[in-house]
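# Notes for the structure review
Letter by letter, the chains look like this.
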Amino acid sequence: MIDNLSKGPRNAISVKEAQQRILSQLHLGGNERIDLSEARGRYLAETILAPHPYPHFRRAGMDGFAIISQDTCGAQTDQPVWLEIVDEIPAGALPSISLESGLASRIMTGAKVPDEADAVVMFEMTEQIEQGGRTTIQIKREIEPGKNITPIGFEIKQDDLLIKEGTRISSGEISVLATFGIHQVLVYKKPVVAIFSTGSELLDIDEALQDGKIRNSNAYMLACQIRDAGGEVIILDAIPDDLQIAKARVTEAFELYDMVVTTGGVSVGDFDIMADLVQGEELTLLFNKVTMRPGSVTTAAVRGRKLLFALSGNPGACFVGCEMFVRPAIGVMQGKDHPFLKEITGILATDFNKINNFTRFVRGHLAYEEGQVLVYPASLDESSVMVTIKDSDCLIVIPPVSQAVPKGQKVQVLLLDGSGIL
Ligand SMILES: Nc1nc2c(c(=O)[nH]1)N[C@H]1C(S)=C(S)[C@@H](COP(=O)(O)OP(=O)(O)OC[C@H]3O[C@@H](n4cnc5c(N)ncnc54)[C@H](O)[C@@H]3O)O[C@H]1N2
Ligand code: MOO
Ligand SMILES: [Mg+2]
């Protein structure tokens, strides 16, 4: 007879407690210097201060004329002032003439303003007239000092904090770094995560369907989630339901990679080998039951400084387990300050009738209606259901309740990638 108790006792702990146990094991990964053009999505491993102010010269904000504003004192429609144009300054060039009262320089947007000028008047506010071999402009109103000039350091002063260590690099950060000539950056190495699926029922995605078997969708779903979280993925061949083979393969993966994520075989079934594997002496179990649904059987263990996440085989549970535990772990290893899914408050758009004794993370989608964030639970939300993951941009948190949660109730909502408001 097969002894299910060999899978060891299961003491359910809360999601928060499970996350804390994981955090306590995590350490920052190594770092590497890479080209800025390769840095999108990476996490900075250094804090960067501004090496110079930005802009670093007084910059014209309009195409027009650099002038001394005092010269326009008293100017009005019937009493224009006349200034002589003595220079032309394209962007990238330097003024070649010092301005004095009565003189103006043509200047283009982005060009350095002559030191003596304190305003730029745009072309449209002037009239150019040739008289006596001189080119002059007529200005019919007073121009205030500073007009259309961006002062030195307007955006950033020298030594200002540019980007803090642990920041994820996206277009805005790339723009800042490029501006300051920081063409290479120190970033955390991406943790290399091995993905194993377990289950003798699994076919690879290019195999023909067979009766009783299914294609291994979880490995590819997980690979996507892990890459989104900033990890590098190695999808390893699926493991049949054989404890000795699984042990050998997982041990090998620990030697080669920074983290191991498995899917399937963590429940109490006769062939649920992961539940036994995490009880082995090389591993220290962190938890094997969490008061959440889906994903109650989510299991985590540590070997040396490396983590093993044994996620459920049920696609819904596998997805949620990865979002709640694997994603934050990868974030922390790259110095991310707030590694957990972002949380907002939303309003439940339909009744939620399932009674739970565990906290439920219900797949759903957000809608903005009349200034409010409404959340719609997915029609099919069981742990085993795969198809509604693609329609979800959030997880609706339904705490343990003994009654249905009515439409209109405020609920906590965790935002998934693609919610558009991350
Ligand atoms: N007697 C009990 N049975 C079950 C319990 C329980 O408490 N007592 N828990 C149920 C819950 S809840 C879940 S969740 C599942 C967890 O199952 P496992 O993690 O052991 O996963 P498997 O048994 O290997 O597979 C479950 C399901 O998922 C399919 N699967 C597995 N791997 C993949 C994959 N890579 N891609 C797509 N689908 C996959 C597998 O074929 C099964 O249908 O246990 C319940 N049972
Ligand atoms: O572990 Mo199961 O997903 O709780 O439903
Ligand atoms: Mg099972």
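Residues numbered from 1 in each chain as written. Chains lettered and ligands numbered in written order. Predicted model: local features only at pLDDT ≥ 70, side-chain atom pairs only at ≥ 80, totals over all residues. Heavy atoms only, no water.

## Examining the overall build of the chain
- Along the backbone of the chain there are six helices and 26 strands.
- Against the globule reference of 22 Å for 422 residues, the chain gives a C-alpha radius of gyration of 31 Å, more extended than a compact globule.
- Counting only C-alpha atoms, the chain reaches 110 × 50 × 40 Å along its principal axes.
- Taking all 422 residues of the chain together, the buried fraction comes to 46%.
- Pairs at least 24 apart in sequence give 71% of the contacts found in the chain among residues at least 6 apart. (Helix = DSSP H or I, 4+ residues; strand = E, 2+ residues; numbered from the N terminus. Rg over C-alpha atoms; globule rule 2.2 N^0.38 Å. Buried < 20%, exposed > 50% of the residue type's maximum accessible area, 1.4 Å probe, protein only. Contact = heavy atoms within 4.5 Å.)

## Points about the packing of aromatic side chains
- Tallying each qualifying case throughout the model produces three aromatic pairs.
- Look at F65 and F123: their rings are 5.3 Å apart centre to centre, the planes differ by 75°, and that puts the pair in the edge-to-face class. Of this pair, F65 sits in strand β4 (residues 64-67) while F123 sits in the loop between β7 (119-122) and β8 (126-131), and the two are 58 residues apart along the sequence.
- Each ring, one from F287 and one from F325, has its centre 5.6 Å from the other, and the planes form 50°; the classification is tilted. Separated by 38 residues along the polypeptide, F287 in strand β18 (residues 284-287) and F325 in helix α6 (residues 315-333) bring together distant segments of the chain. Each member of the pair, F287 as well as F325, carries the same accessibility label: buried. (Phe/Tyr/Trp six-rings, centres within 6.5 Å; stacked < 30°, edge-to-face > 60°.)

## Observations concerning the site of ligand 1
- As a matter of local geometry, ligand 1 sits amid 20 residues, with E201, N216, G265, S267 and G313 nearest to it.
- With respect to ligand 1, the backbone of V266 contributes an N or O atom lying 3.0 Å from an oxygen atom.
- One of the backbone nitrogen or oxygen atoms of G313 is found 3.0 Å away from an oxygen atom of ligand 1.
- Against a free-state accessible area of 880 Å², the protein chains account for coverage of 67% of ligand 1.
- Every element with two or more residues in the shell around ligand 1 is listed here: β15 (214-215) and α3 (217-229).
- Among the residues making up the shell around ligand 1, the classes are represented as five nonpolar, eleven polar and four charged. (Near = heavy atom within 4 Å. Polar contact = N/O pair within 3.5 Å; in protein donor to acceptor, adjacent residues only side chain to side chain. Areas by Shrake-Rupley, 256 points an atom, 1.4 Å probe, with all protein chains shown as cover. Nonpolar A, V, L, I, M, F, W, Y, C, P; charged D, E, K, R; others polar.)

## As for the coordination of the magnesium ion (ligand 3)
- Note on the magnesium ion (ligand 3): its protein donors are D272 (OD) and D272 (OD). The metal-donor distances range over 2.4 Å.
- Topologically, D272 is positioned in the loop between β17 (259-263) and α5 (273-277). (Donors = N, O, S within 2.8 Å, 3.2 Å for Na, K, Ca; no water.)

## As for the packing of α3 against α6
- Contact geometry for α3 and α6: axes closest at 10 Å, N-to-C directions at 25°. Here α3 lies roughly parallel to α6, going by the angle between them. Considering the relative orientation of α3 and α6, their crossing is right-handed. Of the residues in α6, those in contact with N218, M221, L222, Q225, I226, D228 and A229 of α3 are P315, C318, F319, C322, E323, V326, R327 and I330.
- Each residue belonging to the contact of α3 with α6 can be placed in one class, and the counts come to ten nonpolar, two polar and three charged. (Axes fitted to C-alpha atoms, helices over the stretch in contact; angles between N-to-C directions. Parallel < 35°, antiparallel > 145°, perpendicular 65-115°, else oblique. Left-handed = near helix turned anticlockwise from the far one by under 90°.)

## Examining the confidence of the model for the chain
- Per-chain confidence: the chain averages 94 in pLDDT, with 97% of residues scoring 70 or above.
- Counting contacts from residues 1-5, a segment whose pLDDT is below 50, to residues more than four positions away or on other chains yields three contacts.
- Two summary scores accompany this predicted model of the complex, namely pTM at 0.90 and ipTM at 0.98. (pLDDT = per-residue confidence, 0-100.)

## Notes on the site of ligand 2
- As a structural note, the neighbourhood of ligand 2 is formed by R293, P294, G295, S296, V297, A317 and S383.
- A distance of 3.1 Å is found between an oxygen atom of ligand 2 and a side-chain nitrogen or oxygen belonging to R293.
- One of the side-chain N or O atoms of S296 is found 2.7 Å from an oxygen atom in ligand 2.
- Residue classes in the shell around ligand 2 are distributed as three nonpolar, three polar and one charged.

## Examining the domain arrangement of the chain
- Considered domain by domain, the chain is made up of domain 1 (3-30 + 189-333), domain 2 (34-54 + 155-188), domain 3 (59-150) and domain 4 (343-415).
- Between the C-alpha centres of domain 2 and domain 3 the distance comes to 36 Å. (Domains from an automatic or database assignment.)

## Regarding the nonpolar core
- I226, M259, F309, M324 and F325 are the most contacted members of the largest nonpolar core, which totals 43 residues.
- In terms of residues, this core owes the most to one element, α6, which gives eleven residues.
- If you count residues domain by domain, this core takes at least three from each of domain 1 (3-30 + 189-333) and domain 4 (343-415).
- Not counting the four nearest positions on each side in its chain, M259 is found in contact with V192, V193, A194, L307, F309, V326, A329, I330 and M333.
- Listed in part, the 20 residues of the second largest apolar core include V250, F254, L283 and A310. (Core = buried A, V, L, I, M, F, W, Y, C linked by side-chain atoms within 4.5 Å.)

## Some words on the sheet that holds strand β20 (residues 299-303)
- Read from one edge to the other, the open sheet built from six strands follows the order β16-β13-β17-β21-β20-β18, with strand pairing classed as mixed. Since the sheet does not close on itself, it has two edges, and those belong to β16 (232-235) and β18, each with one partner. Sheet twist, expressed as the mean angle between neighbouring strand axes with direction ignored, is 25°.
- Against the sheet, helix α4 (residues 243-256) engages β13 (192-197), β17, β20 and β21 (306-311), with an angle of about 140° to β21.
- Those strands touched by α6 are β13, β17, β18 and β21, and its axis lies near 165° from that of β21. (Pairing = 2+ DSSP bridges.)

## Topic: the pairing of β8
- Alignment of β8 against strand β9 (residues 134-139), held across six bridges, turns out to be antiparallel. Within β9, the position partnered with E127 by the bridge is Q138.
- A loop of two residues connects β8 with β9, the two strands running antiparallel in sequence, and G132 in this loop sits at a positive phi of about 55°.

## A short note on the sheet that holds strand β5 (residues 81-89)
- The six strands are arranged β7-β4-β6-β5-β9-β8 in an open sheet whose pairing can be described as mixed. Edge positions in the sheet fall to β7 and β8, since each of these pairs with one other strand and no more. Mean inter-strand twist for the sheet, computed between neighbouring axes without regard to direction, equals 40°.
- The pairing of β5 with β9 spans four bridges and is classified as antiparallel. Bridge pairing in β9 links L83 to I137.

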